[in-house]
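Results of the structural survey
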Amino acid sequence: MKKILQVNHVTKTYGSQTAVNDLSLTLYEGDIYGFIGKNGAGKTTLIRMIAGLAKPTDGCILLFGSQDLAAQRSNLGTVIESPALYPNMTAYENMMVQCKLMDLSDANEHIKTVLTMTGLQNTGKKKARNFSLGMKQRLAIAIALLSFPKLLILDEPTNGLDPEGIREIRELILKLNQKYHITVLISSHILGELSKFATRYGIIHEGTLLEEFTEKELLERCRSDQTGTEDLEDYFINVIHHASHQKMH
Ligand code: ADP
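What this report covers is the structure whose coordinates are included nearby. No experiment lies behind these values; they were computed from the predicted model shown. Throughout this document, residue positions are counted from 1 along each chain, in the order its sequence is written. Thresholds applied to this predicted model are a pLDDT of at least 70 for local features of residues and 80 or more for the giving and counting of side-chain atom pairs; totals over whole chains, interfaces and linings are not thresholded and use all residues. Only heavy atoms go into the side-chain values, all of them from the structure, while hydrogens and water stay out.

1. A few points about the overall build of the protein
The secondary structure content of the protein amounts to nine helices and nine strands. In terms of overall dimensions, the protein is globule-like: its C-alpha atoms have a radius of gyration of 19 Å, near the 18 Å expected for 249 residues. With respect to the principal axes defined by its C-alpha atoms, the protein has extents near 60 × 40 × 35 Å. Burial classes follow relative accessibility: with a 1.4 Å probe on protein chains only, a residue under 20% of its type's maximum area counts as buried, one over 50% as exposed, and anything between as partly exposed. A total of 249 residues make up the protein; the buried ones form 48% of that total. Put simply, of all contacts in the protein between residues at least 6 apart along the chain, 69% involve residues at least 24 apart. Of the accessible surface of the protein, which amounts to about 12,600 Å², a share of 49% is contributed by carbon and sulfur atoms. Measuring between centres, the 27 positive side-chain charges of the protein sit 7 Å from its 28 negative side-chain charges. Helix and strand labels come from DSSP, where a helix needs a run of H or I of at least four residues and a strand needs a run of E of at least two; each type is numbered from the N terminus. Computation of the radius of gyration draws on C-alpha atoms alone. For the globule rule, the value is 2.2 Å times the number of residues to the power 0.38. We call two residues in contact when some of their heavy atoms are within 4.5 Å. Note on areas: Shrake-Rupley with a 1.4 Å probe; residue coverage comes only from the protein chains shown. Positive: Lys, Arg. Negative: Asp, Glu. His and the chain ends are not part of the count. Working definition for charges: the position is that of NZ of Lys, CZ of Arg, CG of Asp or CD of Glu.

So this is what it looks like as structure tokens:
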């Protein structure tokens, strides 16, 4: 299987605080990788380093087998923190601003394709300020897709969305993965949501990756567990409790 992203023993410290601690993980082509952790676990810090917005204190990151992250940037689309949209512009106009920044020659074609990919093709003259939160988030994802990246990284994309918005984003991610073959890394603390579509998971706690497992392994572990673990949420809480307990002793 082709390795899309390799994080090798990455540490990030801010002063005396360690935000990410000797963390390694690998994303393979076609994965929808659910990166799970409580608030403050270190998810955004890792994602910012992958996106080239912060530098690891130690360790290295390879995108598509290369350590030259800047050169690989066009293969990577990211939505980190709340999307910066122009409220008085339409979806098309918001995307055109980004195309100009990227100096894309066939911007019109690009935008039309991505509007269709993200289901925003019928938004017409509607301005972004009148979009639902789910539509705004889809537009942020659309902007990240303008370079037709092979890897899409979404940091807590369903934060603040209502159930309908959450479903919109889930369906979009599945479509991008299955129809357009985009590999996805998605961070979240909403576990019930992630377990509906992720294919692999990593649990991060206090900057450390505690466990990594596939969808199938999660099902097997839940089935063989004697303590009533039924789903990803139960499993996650057990793993975190165990880690905290070990630390105390
Ligand atoms: P998450 O995304 O999982 O909520 P973060 O990566 O945002 O977690 O934060 C991990 C830890 O690193 C937190 O304790 C946070 O306070 C700290 N941190 C993150 N960014 C900075 C920064 N720029 N300066 C100092 N501390 C930071």
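We are not done yet, so read on.
2. A word on the site of the ligand
Close contacts around the ligand come from Tyr14, Gln17, Ala19, Lys38, Asn39, Gly40, Ala41, Gly42, Lys43, Thr44 and Thr45, and that covers them all. In isolation the ligand offers 570 Å² of accessible surface; the protein chains occlude 61% of this area. Secondary structure elements with two or more residues in the shell around the ligand: strand E2 (17-28) and helix H1 (43-50). Broken down by element, the shell around the ligand gets its largest block of residues, three residues, from H1. Basically, the charged four are Asp, Glu, Lys and Arg, the nonpolar ten are Ala, Val, Leu, Ile, Met, Phe, Trp, Tyr, Cys and Pro, and anything else, Gly included, counts as polar. Residue composition of the shell around the ligand, by class: three nonpolar, six polar and two charged. Here a residue is considered near a molecule or strand provided that any single heavy atom belonging to it is located within 4 Å of it.

3. Quick word on the sheet that holds strand E6 (residues 151-155)
Strands pair, by our definition, only if DSSP identifies at least two bridges between them. With mixed pairing, six strands are arranged side by side in an open sheet as E5-E6-E7-E3-E8-E9. The open sheet has two edge strands, strand E5 (76-79) and strand E9 (208-214), and neither has a second partner. Between one strand axis and the next, the sheet turns through 15 degrees on average, direction left out of account. The sheet contact formed by strand E8 (residues 200-205) and E9 spans six bridges and is antiparallel. The residue of E9 that forms the bridge with Gly202 is Glu212. Whenever a helix is involved, its axis is fitted only over the stretch in contact; in every case the axis is a line through C-alpha atoms, and angles between N-to-C directions fall within 0 to 180 degrees.

4. A look at the pattern of salt bridges
Salt bridges, as used here, are contacts in which a Lys or Arg side-chain nitrogen is within 4 Å of a carboxyl oxygen on Asp or Glu. The full count for this structure, using the stated rule, is five salt bridges. We note a salt bridge from Lys43 to Glu156, for which the minimum N-O separation is 3.6 Å. Taken together, the residues Lys43 in helix H1 and Glu156 in the loop between E6 and helix H6 (163-178) connect sequence positions 113 residues apart. Comparing Lys43 with Glu156, the two get one shared label, buried. Note that Glu168 is salt-bridged to Arg138, the shortest N-O span being 2.9 Å. Of the two residues, Glu168 sits in helix H6 while Arg138 sits in helix H5 (residues 133-144), which places them 30 residues apart along the sequence. Put simply, Asp31, Arg200 and Glu212 are held in one network by salt bridges that share partners.

5. Here we look at the environment of Leu161
Within the element layout of this structure, Leu161 appears in the loop between E6 and H6. On the accessibility criterion, Leu161 (12% relative accessible area) is buried. Each residue touching Leu161, except ones within four places of it in the same chain, is listed here: Leu133, Gly134, Ile166 and Ile169.

6. A closer look at the packing of H5 against H6
At their nearest, the axes of H5 and H6 sit 8 Å apart, and the two run at 25 degrees to each other. It follows that H5 is roughly parallel to H6 by the angle criterion. As H5 runs across H6, the sense of the crossing is right-handed. Facing H5, whose interface residues are Gly134, Met135, Gln137, Arg138 and Ile141, H6 presents Gly165, Glu168, Ile169, Leu172 and Leu176. Each angle gets one of four labels, with under 35 degrees taken as roughly parallel, over 145 as roughly antiparallel, 65 to 115 as roughly perpendicular, and the rest as oblique. Helix crossings are classified by the rotation of the near helix relative to the far one: an anticlockwise turn of less than a right angle makes the crossing left-handed, while a clockwise turn makes it right-handed.

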